[in-house]
Amino acid sequence: MQYWLMKSEPDTFGIDDLAARPSATEHWDGVRNYQARNMMRDQMRVGDRVFFYHSACKTPGIAGIAEVVREAYADHTARDPDSNYYDPKASDEEPRWYMVDVKFVRKLKRLIPLSELKAHPALRDMALLKKGNRLSIMPIDAADWQTILAME
DNA sequence: GCCAACGTTGGC
DNA sequence: GCCAACGTTGGC
């Protein structure tokens, strides 16, 4: 099993929104970065655990835990001209963009802010903390996962 | 295939 | 709202 971190803007879709969905499950549409897409499509498996990260907000940080419940399939928003994520180069034969389904597991006891992650010596090499990193999906080391859970 | 221009992300 | 970092696009 693999651990991941996925970013979302809480003003648009936060951990509470995921929890409120039917079956607490939502498809993770709108990924439009090839590196993120490839990880999602090629490596994410049912049962993988995900840190739900709140980005572009007042206090960015890790808000909760989710679980992958369906592996990559075509992101239909790429075929919808009315969607913000519409991509004219996507087709039914060549979807180009993919999404997975994730299910709410739980919120952390408190949001663990980015500032605390940065301050933790053991997390120095985490991809999330690398300068200029803008990937919306990234793998998390098992050791880092445990370190972060211990910060709750 | 290079690279300048442009758009986006996301912390602050 | 600013701006650094990065990805993508498209002319040549």
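Structure: see above.
Residues numbered from 1 in each chain as written. Chains lettered and ligands numbered in written order. Predicted model: local features only at pLDDT ≥ 70, side-chain atom pairs only at ≥ 80, totals over all residues. Heavy atoms only, no water.

A. How the structure looks around the protein's contact with DNA strand C. The environment of DNA strand C is made up of Tyr34, Lys131, Gly132 and Arg134. Atoms of DNA strand C within 4 Å of the protein: sugar and phosphate make up 67%, bases the balance. Interatomic distance of 3.0 Å between a side-chain N/O atom of lysine 131 and a phosphate oxygen of DNA strand C. Between a base oxygen of DNA strand C and a side-chain N or O atom of arginine 134, the distance comes to 2.8 Å. When its residues are assigned to classes, the surface near DNA strand C shows 1 nonpolar, 1 polar and 2 charged. (Near = heavy atom within 4 Å. Polar contact = N/O pair within 3.5 Å; in protein donor to acceptor, adjacent residues only side chain to side chain. Nonpolar A, V, L, I, M, F, W, Y, C, P; charged D, E, K, R; others polar.)

B. The layout of surface pockets, seen in detail. Of the pockets and cavities examined, the largest pocket occupies roughly 620 Å³. Lys7, Ser8, Asp29, Gly30 and Tyr85 are the residues nearest the centre of the largest pocket, which is lined by 19 residues in total. When contributions to the lining of the largest pocket are tallied by element, the ones reaching two or more residues are β1 (3-8), α1 (10-13) and β2 (25-27). Here the lining of the largest pocket is composed, by residue class, of 5 nonpolar, 7 polar and 7 charged. (1 Å grid on protein atoms, 1.4 Å probe; cavity = no way out; pocket = protein on both sides within 12 Å on 5 of 7 lines; lining within 4 Å. Points joined across faces, edges and corners; volume = space filled by probe spheres on them. Helix = DSSP H or I, 4+ residues; strand = E, 2+ residues; numbered from the N terminus.)

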